[in-house]
Amino acid sequence: MLPSALSGRPPAQAKQVAGRLCLDFANLVGGWPDVARARADRLNEYADLLAWAWKAGLADDAAAARLWREAQRRPREAEAVLGRARRLRDAVHALAWTLERGARPRPADLDVLAAEALAARPHQRLVAGEGRLAWRLDADRDALDGPLWAVALSAEDYFTSADLSRLRSCPGDECGWHFEDATRNRSRQWCDMGDCGNVAKVRRFRSRQRSAKG
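Each chain carries its own residue numbering, running from 1 in the written order of its sequence. Thresholds applied to this predicted model are a pLDDT of at least 70 for local features of residues and 80 or more for the giving and counting of side-chain atom pairs; totals over whole chains, interfaces and linings are not thresholded and use all residues. Here the side-chain values reflect all heavy atoms present in the structure, with hydrogen atoms and water set aside.

1. So, the pattern of salt bridges
Next up, step 1: What makes a salt bridge here is a side-chain nitrogen of Lys or Arg within 4 Å of a carboxyl oxygen of Asp or Glu, nothing more. Tallied over the entire structure, the rule returns 20 salt bridges.
Next up, step 2: Here the residues in one salt-bridge network are Asp 41, Arg 86, Arg 89 and Asp 90, joined through shared partners.

2. Re a nonpolar patch on the surface
Next up, step 1: Residues enter patches when their relative accessible area tops 30% and they take part in no salt bridge; the joining distance is 9 Å for like charges and 5 Å for the nonpolar side chains Val, Leu, Ile, Met, Phe, Trp and Tyr. What sets the accessible areas is the Shrake-Rupley method with a 1.4 Å probe; for residues, cover comes only from the shown protein chains. A cluster of nonpolar side chains, namely Leu 126, Leu 133 and Trp 135, defines an oily patch on the protein surface of about 360 Å² accessible area.
Next up, step 2: Classification of residues uses two cut-offs on accessible area relative to the type maximum, computed with a 1.4 Å probe and protein chains only: under 20% is buried, over 50% is exposed, and between them is partly exposed. Among the residues examined, Leu 133 registers a relative accessible area of 57% and is labelled exposed.

3. Some points on helix α4 (residues 61-73)
Next up, step 1: Numbering goes from the N terminus for both helices and strands, where a helix is a DSSP run of H or I of at least four residues and a strand is a run of E of at least two. Helix span, as expected, comes to 1.5 Å for every residue beyond the first. Between its first and last C-alpha atoms α4 spans 19 Å; for 13 residues at 1.5 Å apiece the expected length is 18 Å, and the two agree.
Next up, step 2: Every buried residue of α4 is listed here: Ala 63, Ala 64, Ala 65, Arg 66, Leu 67, Trp 68, Glu 70 and Ala 71.
Next up, step 3: In the core, the buried residues of α4 are packed alongside α1 (4-7), α3 (46-55), α5 (75-100) and α7 (146-161).
Next up, step 4: N or O atoms within 3.5 Å of each other form a polar contact, as long as, within protein, one can give a hydrogen and the other can take it, and as long as residues adjacent in sequence are counted only when both atoms are side-chain atoms. The residue sitting at the N-terminus of α4 and contributing the capping side-chain oxygen is Asp 60; that oxygen lies 3.2 Å from the backbone nitrogen of Ala 62. Contacts are residue-level and defined by heavy atoms, with any inter-residue pair within 4.5 Å sufficient.

4. Some points on the packing of helix α6 (residues 107-120) against α7
Next up, step 1: Fitted lines through C-alpha atoms give the axes, limited to the stretch in contact for helices. The angle between two N-to-C directions lies from 0 to 180 degrees. Running from amino to carboxyl end, α6 crosses α7 at an angle of 120°, the nearest separation of the two axes being 8 Å. Judged on the interaxial angle alone, α7 and α6 are oblique. Considering only the axes of α6 and α7, their crossing is left-handed. Here Leu 113, Glu 116, Ala 117, Ala 119 and Ala 120 of α6 come into contact with α7, specifically with Leu 148, Trp 149, Ala 152, Leu 153, Ala 155, Glu 156 and Phe 159.
Next up, step 2: Its residues placed into classes, the contact of α6 with α7 shows 10 nonpolar, no polar and 2 charged. Should an angle lie under 35 degrees it is considered roughly parallel, over 145 roughly antiparallel, and from 65 to 115 roughly perpendicular; all remaining angles are considered oblique. It is the rotation of the near helix from the far one that decides the hand of a crossing: anticlockwise by less than a right angle makes it left-handed, clockwise makes it right-handed. In this classification, the charged set is Asp, Glu, Lys and Arg, the nonpolar set is Ala, Val, Leu, Ile, Met, Phe, Trp, Tyr, Cys and Pro, and all remaining amino acids, among them Gly, are polar.

5. Side note on the packing of α3 against α4
Next up, step 1: Two numbers describe how α3 lies on α4: the axes approach to 10 Å, and their chain directions differ by 170°. What the angle tells us is that α3 and α4 run roughly antiparallel. Residues Tyr 46, Ala 47, Leu 50 and Trp 54 of α3 lie in contact with α4, whose contacting residues are Asp 61, Ala 64, Leu 67, Trp 68 and Ala 71.
Next up, step 2: For the contact of α3 with α4, the residue count by class is 8 nonpolar, no polar and 1 charged.

6. Structural notes on the side chain of Arg 166
Next up, step 1: With respect to the helices and strands, the residue Arg 166 is situated in the loop between α7 and β5 (167-169).
Next up, step 2: Each residue touching Arg 166, except ones within four places of it in the same chain, is listed here: Phe 179, Glu 180, Asp 181, Ala 182, Thr 183, Arg 184 and Arg 186.

7. A few points about the nonpolar core
Next up, step 1: Counting residues in hydrophobic clusters, the biggest one holds 49 residues, and the most contacted among them are Phe 25, Tyr 46, Leu 49, Leu 88, Phe 159 and Cys 191.
Next up, step 2: Mapped onto this core, the elements with two or more residues apiece are α2 (21-26), α3, α4, α5 and α7.
Next up, step 3: Here this core takes 8 residues from α5, the largest share from any one element. Here the nonpolar core consists of buried residues drawn from Ala, Val, Leu, Ile, Met, Phe, Trp, Tyr and Cys, with membership extended through side-chain atoms lying within 4.5 Å.

8. Overview of the environment of Asp 60
Next up, step 1: Relative to the helices and strands, Asp 60 resides in the loop between α3 and α4.
Next up, step 2: Asp 60 sits 100 residues away from Thr 160 along the chain, and the two C-alpha atoms are 29 Å apart.
Next up, step 3: Only 2.8 Å separates the side chain of Asp 60 from the backbone nitrogen of Ala 63, close enough to count as a polar contact.

9. Examining α6
Next up, step 1: Its 14 residues give α6 an end-to-end C-alpha distance of 20 Å, which sits within 8% of 20 Å, the value for a rise of 1.5 Å per residue.
Next up, step 2: Within α6 the residues assigned to the buried category are Asp 109, Leu 113, Glu 116, Ala 117 and Ala 120. Burial along α6 is one-sided: seen end-on, the buried residues are contained in an arc of 100°. Turned more than 90 degrees away from the buried face of α6 sit Pro 107, Ala 108, Asp 111 and Leu 118, all of them exposed.
Next up, step 3: For α6, the secondary structure elements touched by its buried residues are α5, β3 (124-128), β4 (133-137) and α7. Note that the arc is computed from the directions linking the helix axis to the C-beta atoms.

Coordinates in, geometry out; function isn't part of it.
Structural data, given as structure tokens:
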């Protein structure tokens, strides 16, 4: 069972709507009003990182509980990993923001992603998949930075090989969440139609009502 110290945290209920692991990780804020300013940060303690890793399927109940115990035994290491997690999250956001707009990424953001990808790579191994080979991450039971490995490799793969013309930022009020538009006609506009999309729909409806009355 997932420890209550993790299950009650906001990242344990975080929506996974981006279509890419790294973008969901970047969305661990209430919103991104601009390239450098986050609203309602949800990555404040190491427990938040573990809660999100569990939600994202990177750690099951037992693995998350084990890492939580390790974090309590090694609080300084856990705090250092949290700092790395926040820098990686911010770098992924900044890279997505700039690349979507056709701008040149900041070297500092590239350096953060490169460093984390290099740290993750030794934990990969080549395995036989269905009809092809595939890279898999080893399960290091006590590695407090284990949740960062998959995020870094996801970001490396996405930003170097994906069709970034499908990268979007939600236009909802102070949202800015990133997502990959996988629709056939590239028509996806919102992070979640039930949230930002619904707010915009209600706003348009009320605007039409006011116009009709006027």
